[in-house]
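# Architecture and fold: a report
Each chain, written out:
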Amino acid sequence: MIKVMEQRDSFVWNFTSMKINKGGAMNAKEKRSLRKELREELEESSRRRVRLLVIEDDDDIREALRLLLGGQYDLVGLSDGAGILDMIDGQEPDLVILDVNLPGKDGFELCRMIRSTPRHRRLPVMFLTVLRDDESFVRSVNANADAYLNKPFEAGELKGTIERLLCSSPSA
């Protein structure tokens, strides 16, 4: 079995069960088997890109995030958090980006809902909000969010935060 882990533009190949004979050279059959296994694993890894669930009520910001991140990630965008747990079950995102000020339940409440569900407890959640006050930041910490960024945001800071959360996620 070969495990493929995508890291930016390159791949790391983890040979978990490959047996190479004494001198390190492989015979023709082993080479064919290795090529086939590598091809299958590469095809499998390329089928599913990292998926981000963006819950943002501002259409312009959702579109900006799509333009900024859509080339690198699969994005699923929602304008409110209605049915968030079902959406997470169905879409299986690798990270959730939440606005705080949303119609219906606010982002803090949605984050607490995610954290209260054992299956999603470790799903990385970050806030992207216009709220700059200390109280809002403390509320995000109390909701167990993994990150808190303010709008307007710098593209590099957003991308760096996403990468950091994805790399530190237990499912990464």
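The residue numbering used here restarts from 1 in each chain and proceeds along that chain's sequence as written. Given that this is a predicted model, residues contribute local features only at a pLDDT of at least 70 and side-chain atom pairs are listed and counted only at 80 or more, while totals for whole chains, interfaces and linings are drawn from all residues. Side-chain calculation: all heavy atoms of the structure are included, whereas hydrogens and water are not.

### Considerations on the packing of aromatic side chains
Only Phe, Tyr and Trp rings take part, Trp by its six-membered ring, and two of them pair if their centres are within 6.5 Å. Stacked means planes under 30 degrees apart, edge-to-face means over 60, and tilted covers everything else. Under the definition given, this model contains 3 aromatic pairs. When the centroid spacing of 5.3 Å and the interplanar angle of 55 degrees are considered together, the rings of phenylalanine 108 and phenylalanine 127 count as tilted. Residue phenylalanine 108 is found in helix α4 (residues 107-115), and its partner phenylalanine 127 is found in strand β6 (residues 125-129); the two are separated by 19 residues along the sequence. Only protein chains enter the calculation, and the probe is 1.4 Å; a residue is then buried if its accessible area is under 20% of its type maximum, exposed if over 50%, and partly exposed in between. For phenylalanine 108, a relative accessible area of 1% corresponds to the buried category. Judged by relative accessible area, phenylalanine 127 falls into the buried class, the value being 0%. A connected cluster of aromatic rings, assembled from ring pairs, spans Phe108, Phe127, Phe137 and Tyr148. Each helix is a run of DSSP H or I of at least 4 residues and each strand a run of E of at least 2, with the numbering of both proceeding from the N terminus.

### Description of the sheet that holds strand β7 (residues 147-150)
Should DSSP find at least two bridges between two strands, the strands are taken to pair. Across the sheet, 5 strands lie side by side as β4-β3-β5-β6-β7; this open sheet has parallel pairing. Single-partner strands in this sheet number two, and they are β4 (74-78) and β7. Direction aside, neighbouring strands of the sheet carry axes that sit 20 degrees apart on average. Pairing geometry for strand β5 (residues 95-98) and β6, over 3 bridges, is parallel. Among the inter-strand pairings, leucine 98 is bridged to a residue of β6, identified as phenylalanine 127. In the packing of helix α2 (residues 59-69) onto the sheet, contacts are made with β3 (51-55), β4, β5 and β6, and the angle to β4 comes to roughly 175 degrees. In this description, a line fitted to the C-alpha atoms serves as the axis of each element, helices being fitted only across the stretch in contact, and the angle between N-to-C directions of two axes falls anywhere from 0 to 180 degrees. Contacts between residues were defined by any pair of non-hydrogen atoms, one from each residue, lying within 4.5 Å.

### Thoughts on a positive patch on the surface
Positive charge collects at one region of the surface, where Lys29, Lys31, Arg32, Arg35 and Arg39 lie side by side. Along the chain, lysine 31 turns up in helix α1 (residues 28-47). For lysine 31, a relative accessible area of 39% puts it in the partly exposed group. Patch membership needs two things, relative accessible area over 30% and no salt bridge, and members are linked within 9 Å if like-charged or within 5 Å if nonpolar (Val, Leu, Ile, Met, Phe, Trp, Tyr). The protein chains shown are the only cover counted for residues, whose accessible areas, like all others here, come from Shrake-Rupley with a 1.4 Å probe. For salt bridges, the criterion is a side-chain nitrogen of Lys or Arg within 4 Å of an Asp or Glu carboxyl oxygen. The charged-residue count follows a simple rule in which Lys and Arg add positive charge and Asp and Glu add negative charge, with His and chain termini not counted at all. Charge positions come from single atoms, namely NZ of Lys, CZ of Arg, CG of Asp or CD of Glu.

### So, the side chain of glutamate 163
Structurally, glutamate 163 is set in helix α6 (residues 155-168). Only 2.4 Å separates the side chain of glutamate 163 from the side chain of tyrosine 73, close enough to count as a polar contact. The term polar contact refers here to a pair of N or O atoms within 3.5 Å; inside protein, the definition further demands a hydrogen-donor-capable atom paired with an acceptor-capable atom, and it admits residues adjacent in sequence only when both atoms are side-chain atoms.

### A closer look at the confidence of the model for the protein
Put simply, the protein has an average pLDDT of 85, and 80% of its residues get 70 or more. The low-confidence segment residues 1-22, where pLDDT is below 50, has 43 contacts with residues more than four positions distant or belonging to other chains. As a per-residue quantity, pLDDT reports the predictor's confidence and falls between 0 and 100.

### What about the side chain of threonine 161?
Here threonine 161 shows up in helix α6. Accessibility expressed as a relative area gives 9% for threonine 161, which makes it buried. Among the polar contacts made by the side chain of threonine 161, one reaches the main-chain carbonyl oxygen of glutamate 157 at a distance of 2.8 Å. Excluding residues that lie within four positions of it along the chain, threonine 161 makes contacts with Met126, Ala147 and Leu149.

### Focus: the packing of α2 against α6
Two numbers describe how α2 lies on α6: the axes approach to 12 Å, and their chain directions differ by 75 degrees. Considered as vectors, α2 and α6 are oriented roughly perpendicular to each other. Here Leu65, Leu68 and Leu69 of α2 lie close against α6, whose contacting residues are Ala155, Leu158, Lys159 and Ile162. Asp, Glu, Lys and Arg are counted as charged, while Ala, Val, Leu, Ile, Met, Phe, Trp, Tyr, Cys and Pro are counted as nonpolar; the rest, among them Gly, fall into the polar class. Grouping the amino acids of the contact of α2 with α6 by side-chain chemistry returns 6 nonpolar, no polar and 1 charged. If an angle is under 35 degrees, it is roughly parallel; if it is over 145, roughly antiparallel; if it lies from 65 to 115, roughly perpendicular; otherwise it is oblique.

### Looking at the environment of asparagine 144
As for its position among the elements, asparagine 144 is in the loop between α5 (134-142) and β7. Owing to a relative accessible area of 47%, asparagine 144 belongs among the partly exposed residues under this scheme. Residues in contact with asparagine 144, not counting those within four places in the same chain, are Cys111 and Arg115.

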